[in-house]
Amino acid sequence: MRERILERLEQLETEHWVRVLYACESGSRAWGFASPDSDFDVRFIYARPVEWYLRIDVEHRRDVIECPIIDALDIAGWDIRKALKLFSRTNGALLEWLHSPIVYRDQGAFRERLQQLAATAVDARGLCYHYAHMARGNAGEFLDGEAVRLKKYFYVLRPLLAIRHIESTGCLPPVEFQKLVESFAPEALRPEIDALLERKRRTEELGVGPPMPLIDAFIREELARHEAGFHGEGRPDIETRPAVLEELNRLFRDVLSGEA
């Protein structure tokens, strides 16, 4: 599959006249709780020739490349201009891509420079807002039924534990779910989480099962604890951080000129 992914990236470069700067695995395979039949969620950042950006209507031009899912390969990319603007707003998805444990393409200094900048430029409150929104969205109504979709537990627990990591360390949380569990899940929950994780990794579809009261109680407590604090916009304004803006502009120019 890795060879197939690399071949597809090369095809996309030719088809769309772009240069793929960075490509990685996102989703359950990067997080460490993929099922045997999970898709490969490949995400990439690309740059176009300089002339493409020298238009008065550049902000209205399409800045994503999306492909239909074929044979478990889900691949999509963002233009560098879009990616850098989202970075300036502490976009949680992009930050996870930059720190994915599964990398398919890493050319030049794009990823390295953004990782270095993230260490000081990421807004912790904005990132907590991102994960809180993710947890609430995945929790939905699934906690209130007599039976639940078991895999939903992972998509709620992971962002909740990421918030705990940010609150405790002030740093970006690890992408891998297991690292979050080991460091920030209550001790009483870990056996249940580990057992569920093992089932997820071995079973093509976890399906529906009875609720898990200990985990349910933790989820409700965490959602209630930070609900008031992480509502609202919660995003940094790049105009108030000129040093970050200038560094992103410098990286943009360096990539387009071939210096990064």
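What you see is a predicted model, and the numbers here were worked out from it, not measured in a lab. (Residues numbered from 1 in each chain as written. Predicted model: local features only at pLDDT ≥ 70, side-chain atom pairs only at ≥ 80, totals over all residues. Heavy atoms only, no water.)

Asker: Can you walk me through the packing of helix 8 (residues 152–169) against helix 11 (residues 213–226) in this structure?
Answerer: Relative orientation and spacing of two packed helices are given, respectively, by the angle between their axes and the distance between those axes. At a closest axis distance of 11 Å, the pairing of helix 8 and helix 11 adopts a crossing angle of 50°. Here helix 8 lies oblique to helix 11, going by the angle between them. Crossing geometry of helix 8 relative to helix 11 is assigned as left-handed. Note on element contacts: helix 11 touches helix 8 through I215, D216, F218, I219, E222, L223, R225 and H226, opposite Y153, V156, L157, L160, L161, I163, R164 and E167. (Axes fitted to C-alpha atoms, helices over the stretch in contact; angles between N-to-C directions. Helix = DSSP H or I, 4+ residues; strand = E, 2+ residues; numbered from the N terminus. Parallel < 35°, antiparallel > 145°, perpendicular 65-115°, else oblique. Left-handed = near helix turned anticlockwise from the far one by under 90°. Contact = heavy atoms within 4.5 Å.)

Asker: So what exactly am I meant to see when it comes to the sheet that holds strand 3 (residues 64–66) here?
Answerer: Within a sheet, each strand pairs with its neighbour through backbone hydrogen bonds, oriented either parallel or antiparallel. Taken together, five strands build an open sheet; the order of strands is 3-4-2-1-5 and the sheet is mixed. Either end of the sheet is taken by a strand with one partner, and the two such strands are strand 3 and strand 5 (103–106). Strand-to-strand twist across the sheet, computed as the mean angle between neighbouring axes with direction ignored, equals 20°. Here three bridges tie strand 1 (residues 19–26) to strand 5, and the two strands are oriented antiparallel to one another. Looking at strand 5, one finds that A23 is bridged to R105. (Pairing = 2+ DSSP bridges.)

Asker: So what exactly am I meant to see when it comes to the pattern of salt bridges here?
Answerer: Think of it this way: side chains of opposite charge can pair up when their charged atoms draw near. According to the stated counting rule, one finds 18 salt bridges in the structure shown. Ionic pairing is found between E15 and R8, a salt bridge with its closest N-O pair at 3.3 Å. For E15, a relative accessible area of 52% corresponds to the exposed category. Of the charged contacts in the structure, one is a salt bridge between R253 and E246, with a shortest N-O distance of 3.0 Å. When its relative accessible area of 45% is taken as the criterion, R253 is described as partly exposed. Classification of E246 as partly exposed rests on a relative accessible area of 34%. Connected via shared salt-bridge partners are R113, E246, E247, R250, R253 and D254. (Salt bridge = Lys/Arg side-chain N within 4 Å of Asp/Glu carboxyl O. Buried < 20%, exposed > 50% of the residue type's maximum accessible area, 1.4 Å probe, protein only.)

Asker: Help me out: how do you make sense of the state of the cysteines in this one?
Answerer: Disulfide: a covalent bond connecting the sulfur atoms of a pair of cysteines. A complete count under the given rule lists zero disulfides for this structure. Free cysteine: C67, not disulfide-bonded; nearest cysteine sulfur from C24 at 15 Å. For the unlinked cysteine C128, the closest cysteine sulfur is that of C171, found at 12 Å. (Disulfide = S-S within 2.5 Å.)

Such coordinate-based values are descriptive only and should not be taken to indicate function.
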